[in-house]
Structure formats: C-alpha cells, structure tokens
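Geometric and topological summary
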Amino acid sequence: MENKVWEILTEILEDYNQGVEKDEELKIEKSAVLFGDGSSVDSMALVNIVLNFEDNLNDEFSTDISLSDDNALNQSTSPYSTIGAIYDYAIKVLKA
C-alpha cells in the first residue's frame, strides 16, 4: 500500500510541477517543503493537490477518506508542511 500511495502522490506533484515555472517546481522528496516558507505552493494550489490526492486514494483503495477535515487541521504538526508529512498522514488515515 505504501508504494502505491507514494506513486499517487508523486504523479500529482509531477502534474503540479508541469504547471509552474522551473524555479518554482517542487522537489519530489519526503523532506521537501510542501506548503509554507520555502515552497512555491500557494493556498489554492495546496487545496488542489490535497483534493486530487484524496480523490485518487479513494479511487485506488475504494474508500472515502478525507485529508482535509478537522482531524487533519488539528494535528500537532501540519500534514501539509512537507511532502513526507502528507504522505505519512495519508498512510495513517488509510490504516485507521
């Protein structure tokens, strides 16, 4: 499951990178900042990334998870801070 989640996230981030200037592309690695200081991702782009990730996960795993509900917003560390954080949060939610 973990490999498929990473594959889905990578595809979404590659799509994001295709729509931005070369110097604004996200480095697709778990330690890379997804949202906040050091990232080119604005709030609208973040919403699109998260919703696309949710949709693709729900399609792939036949579930109805949310990565943007109150549980996500109330985490002590934002699941949107790094690429690894959203990946880890998705795995956690899928396993719940």
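Everything here concerns the structure above.
Note that the structure is a prediction, hence the values are computed from the model and not measured. (Residues numbered from 1 in each chain as written. Predicted model: local features only at pLDDT ≥ 70, side-chain atom pairs only at ≥ 80, totals over all residues. Heavy atoms only, no water.)

Right, let's talk about the overall build of the chain for a bit. Helix and strand counts for the chain come out as 4 helices and 0 strands. Mapped in sequence order, the helices and strands of the chain form the string α-α-α-α. Taken over C-alpha atoms, the radius of gyration comes to 13 Å for the chain, in line with the 12 Å a tight globule of 96 residues would show. Dimensions of the chain, computed from the C-alpha atoms along their principal axes, are close to 35 × 25 × 20 Å. Every one of the 96 residues in the chain was classed for burial, and the buried ones make up 39%. Sequence-distant contacts, at least 24 apart, represent 56% of the contacts inside the chain between residues at least 6 apart. (Helix = DSSP H or I, 4+ residues; strand = E, 2+ residues; numbered from the N terminus. Rg over C-alpha atoms; globule rule 2.2 N^0.38 Å. Buried < 20%, exposed > 50% of the residue type's maximum accessible area, 1.4 Å probe, protein only. Contact = heavy atoms within 4.5 Å.)

Here helix 2 (residues 43-61) crosses helix 4 (residues 83-95) at 35°, and the two axes come no closer than 12 Å. Crossing of helix 2 over helix 4 shows right-handed handedness. Two secondary-structure elements touch here, helix 2 through V50, F53, L57 and F61 and helix 4 through I86, A90 and L94. When the residues that make up the contact of helix 2 with helix 4 are grouped by side-chain class, the tally is 7 nonpolar, no polar and no charged. (Axes fitted to C-alpha atoms, helices over the stretch in contact; angles between N-to-C directions. Left-handed = near helix turned anticlockwise from the far one by under 90°. Nonpolar A, V, L, I, M, F, W, Y, C, P; charged D, E, K, R; others polar.)

Once that is clear, we can look at helix 4. With 13 residues, helix 4 extends 19 Å from end C-alpha to end C-alpha; this agrees with the ideal 18 Å at 1.5 Å per step. For helix 4, the buried fraction is high: 10 of the 13 residues fall into the buried class. Here helix 4 has its buried residues at I83, G84, A85, I86, Y87, Y89, A90, I91, V93 and L94. Each element contacted by the buried residues of helix 4 is listed here: helix 1 (2-18), helix 2 and helix 3 (70-73). (Expected span 1.5 Å × (residues − 1).)

To continue, consider the packing of aromatic side chains. With the rule as written, the count across this model stands at 1 aromatic pair. Summarising the aromatic geometry, the rings of W6 and Y87 are spaced 5.6 Å apart at their centres and angled 85° between planes, so their arrangement reads as edge-to-face. In this pair, W6 is assigned in helix 1 and Y87 in helix 4, connecting sequence segments 81 residues apart. The ring of W6 carries K30 above its face, with NZ or CZ at 5.4 Å from the centroid. (Phe/Tyr/Trp six-rings, centres within 6.5 Å; stacked < 30°, edge-to-face > 60°. Lys NZ or Arg CZ within 6 Å of the ring centre and 35° of its normal.)

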